[in-house]
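So you can see what is in the structure, the chains are spelled out below.
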Amino acid sequence: QVQLVESGGGLVQAGDSLRLSCTVSGRIVNNYIMGWFRTAPEKERQFVAAISYGGGGTRYADSAKGRFTISRDKTQRTIYLQIDDLKPEDTAIYYCAAEFGTHLNTWFKGATWGQGTQVTVSS
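Values in this document were obtained by computation on a predicted structure and should not be read as measured data. (Residues numbered from 1 in each chain as written. Predicted model: local features only at pLDDT ≥ 70, side-chain atom pairs only at ≥ 80, totals over all residues. Heavy atoms only, no water.)

**Student:** Explanation requested: the sheet that holds strand 1 (residues 2-7) in the structure shown.
**Tutor:** In a beta sheet, neighbouring strands are held together by backbone hydrogen bonds and run either parallel or antiparallel to one another. With antiparallel pairing, the four strands of this open sheet are ordered in space as 1-3-8-7. Either end of the sheet is taken by a strand with one partner, and the two such strands are strand 1 and strand 7 (68-73). Neighbouring strand axes in the sheet, compared pairwise and without regard to direction, differ in orientation by 20° on average. Across six bridges, the pairing between strand 3 (residues 18-26) and strand 8 (residues 78-83) is antiparallel. (Pairing = 2+ DSSP bridges. Helix = DSSP H or I, 4+ residues; strand = E, 2+ residues; numbered from the N terminus. Axes fitted to C-alpha atoms, helices over the stretch in contact; angles between N-to-C directions.)

**Student:** Explain the nonpolar core to me, please; I cannot follow it from the model alone.
**Tutor:** Grouped burial of nonpolar side chains is what soluble globular proteins tend to show. In terms of nonpolar packing, the biggest core is built from 36 residues, with M34, W36, I79, L81, Y94 and F108 touching the most fellow members. Looking at this core, the elements that each hand over two or more residues are strand 1, strand 3, strand 4 (32-39), strand 5 (46-52), strand 7, strand 8, strand 9 (92-100) and strand 11 (117-122). If sequence neighbours within four positions are ignored, F108 has contacts with I33, M34, G35, F37, F47, A50, A97, E99 and W113. (Core = buried A, V, L, I, M, F, W, Y, C linked by side-chain atoms within 4.5 Å. Buried < 20%, exposed > 50% of the residue type's maximum accessible area, 1.4 Å probe, protein only. Contact = heavy atoms within 4.5 Å.)

**Student:** Looking at this structure, I do not really get the state of the cysteines. What am I missing?
**Tutor:** Linking two cysteines covalently via their sulfur atoms produces the bond known as a disulfide. One pass over the full model with this rule turns up one disulfide. A disulfide bridge connects C22 with C96, and the sulfur atoms are separated by 2.2 Å. One quick way to see it: the torsion about the S-S bond of C22 and C96 is about -80°, and its sign makes the bridge left-handed. Residue C22 is found in strand 3, and its partner C96 is found in strand 9; the two are separated by 74 residues along the sequence. (Disulfide = S-S within 2.5 Å.)

**Student:** Before we go on, may I ask you to explain the environment of K87 in this structure?
**Tutor:** Turning to its location among the elements, K87 is positioned in the loop between strand 8 and strand 9. Residues K87 and D73 lie 14 residues apart in sequence; the distance between their C-alpha atoms is 27 Å. If we skip the residues at most four places from it in the chain, K87 touches R67 and V121. In terms of polar contacts, K87 uses its side chain to reach the side chain of D85, at 3.3 Å. (Polar contact = N/O pair within 3.5 Å; in protein donor to acceptor, adjacent residues only side chain to side chain.)

**Student:** Can you walk me through the pattern of salt bridges in this structure?
**Tutor:** One side chain can pair with another of opposite charge once the charged atoms of both are near each other. Evaluated as defined, the whole model comprises four salt bridges. Residue R38 pairs with D90 through a salt bridge whose shortest N-O separation is 2.9 Å. Of the two residues, R38 is situated in strand 4 and D90 in the loop between strand 8 and strand 9; the sequence distance between them amounts to 52 residues. For the residue pair R38 and D90, the accessibility class agrees, reading buried in each case. Notably, a salt bridge pairs K87 with D85, separated by 3.3 Å at the nearest N-O pair. The exposure class assigned to D85 is partly exposed, which follows from its relative accessible area of 38%. Salt bridges sharing partners connect three or more residues here, namely R38, R67 and D90. (Salt bridge = Lys/Arg side-chain N within 4 Å of Asp/Glu carboxyl O.)

Here you go:
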């Protein structure tokens, strides 16, 4: 099974940009959907974006369209989340997830999760 490790978070100023990384270890095939989620303080986990590992197709939450870009580098076994023009409301723990399947609208019910990386945005 796969293992996921997130990195790239930190303390930044509003308006800055970050690129979060999710490195994948273990067995992985093209038939996986990779996703980014975030959990803000005192809020429920929120879907941000998903990408088909094999095909590269993407899907974004309506709230994430514009400033967020998900991508993957199969040679590096890494999924990225680029966040531009960071805002204080982006402060959250960002998690990477992997679910077997080929449909971008998966619910990630059987997903494997990473430990998360903290993003803190000061105003």
